[in-house]
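Listed below, chain by chain, are the residues.
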Amino acid sequence: AASHRSGLRPPRSLGAAMAAMQTAVAVDVCTPVQAAVLCLQRSGDLIAGAVGGPLAVGALTPQRNAMTLAAMDGTSSFGGVYRQVFSQGLIQSFRGGSRVTLAAVPQFTAIGPVFLAVERRWGSPAAAMLVASV
C-alpha cells in the first residue's frame, strides 16, 4: 500500500522484476569515466588528438630548434638563428622532432579530449583547463 502512495507500482511478474533489476545494475556498472570515454570515441576527439597534436608538434620542430639555438647564442640575429637551423637542409631542420612527436601522442590523446569534453559540458575554458591538468 505504501508503494501505491509514493507512485511506485509493484512489478506484475518475476520477469518484470528481473528486468528492472538488470536495468538498475547496468546503470550502476556504467561509471562516469566509461560514459565519458564512449562520448569521446563517438566525437572523434581521440583521433584528432592522436593525429593532429603530433603533427602540430612535429611541424614546429624547426622553430623549437631555433629557440634552443637562440637561447645558447645571444649574439645571432633572428635570421642568423634560422640560417643555422636550415644550414644542412630542410630535412635536417627537423632533427630531434621524432621523440617529442611520439611523446605528443598520449599527451594530446588524453589531455585534449578531456579539455574539450569539459569545456563543452560546462562552457568554461578555465574549468576545462583545471580538470584537464589534473
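Shown above is the structure to which this text applies.
In this text the structure is predicted, and so the values were computed from the model without any measurement.

## Here's the deal with the packing of aromatic side chains
For any two aromatic rings, the description comes down to two numbers: the centre-to-centre distance and the angle of the planes.
Here's step 1: Per the stated rule, a full pass over the model turns up two aromatic pairs.
Here's step 2: Aromatic side chains Phe 78 and Tyr 82 sit 5.1 Å apart centroid to centroid with 55 degrees between the ring planes, which places their arrangement in the tilted category. Linking Phe 78 with Tyr 82, this pair stays in helix α6 (residues 78–85), spanning four residues, or about one helical turn.
Here's step 3: Owing to a relative accessible area of 67%, Phe 78 belongs among the exposed residues under this scheme.
Here's step 4: With centroids separated by 6.4 Å and ring planes inclined at 20 degrees, the aromatic side chains of Tyr 82 and Phe 86 adopt a geometry described as stacked.
Here's step 5: Members of the aromatic cluster, joined through ring pairs, are Phe 78, Tyr 82 and Phe 86.

## Examining α6
Here's step 1: Of all the residues in α6, the buried ones are Gly 80, Val 81 and Val 85. Down the axis of α6, the sector holding all buried residues measures 145 degrees, keeping them to one side.
Here's step 2: Check the buried side of α6 and you find it contacts α5 (61–72).

## Some thoughts on a nonpolar patch on the surface
Here's step 1: On the surface, Val 114, Trp 122, Leu 130, Val 131 and Val 134 cluster together into a nonpolar patch covering about 530 Å² of accessible area.
Here's step 2: Within the element layout of this structure, Val 134 appears in the segment after α8 (125–133).
Here's step 3: On the accessibility criterion, Val 134 (85% relative accessible area) is exposed.

## With respect to α5
Here's step 1: With 12 residues, α5 extends 17 Å between its outermost C-alpha atoms, agreeing within 8% with the 16 Å of an ideal straight helix rising 1.5 Å per residue.
Here's step 2: Listed as buried for α5 are Thr 61, Pro 62 and Ala 66. The arc enclosing the buried residues of α5, seen along the axis, measures out at 140 degrees, which places them on a common side. Facing away from the buried side of α5 by more than 90 degrees, the exposed set consists of Met 67 and Ala 71.
Here's step 3: In this structure, the buried residues of α5 make contact with α4 (45–59), α6 and α7 (97–122).

What counts, and at which threshold
- Residues numbered from 1 in each chain as written.
- Predicted model: local features only at pLDDT ≥ 70, side-chain atom pairs only at ≥ 80, totals over all residues.
- Heavy atoms only, no water.
- Phe/Tyr/Trp six-rings, centres within 6.5 Å; stacked < 30°, edge-to-face > 60°.
- Helix = DSSP H or I, 4+ residues; strand = E, 2+ residues; numbered from the N terminus.
- Buried < 20%, exposed > 50% of the residue type's maximum accessible area, 1.4 Å probe, protein only.
- Arc of directions from axis to C-beta.
- Contact = heavy atoms within 4.5 Å.
- Patch = residues over 30% accessible without salt bridge, like charges linked within 9 Å, V, L, I, M, F, W, Y side chains within 5 Å.
- Areas by Shrake-Rupley, 256 points an atom, 1.4 Å probe, with all protein chains shown as cover.
- Salt bridge = Lys/Arg side-chain N within 4 Å of Asp/Glu carboxyl O.
- Expected span 1.5 Å × (residues − 1).

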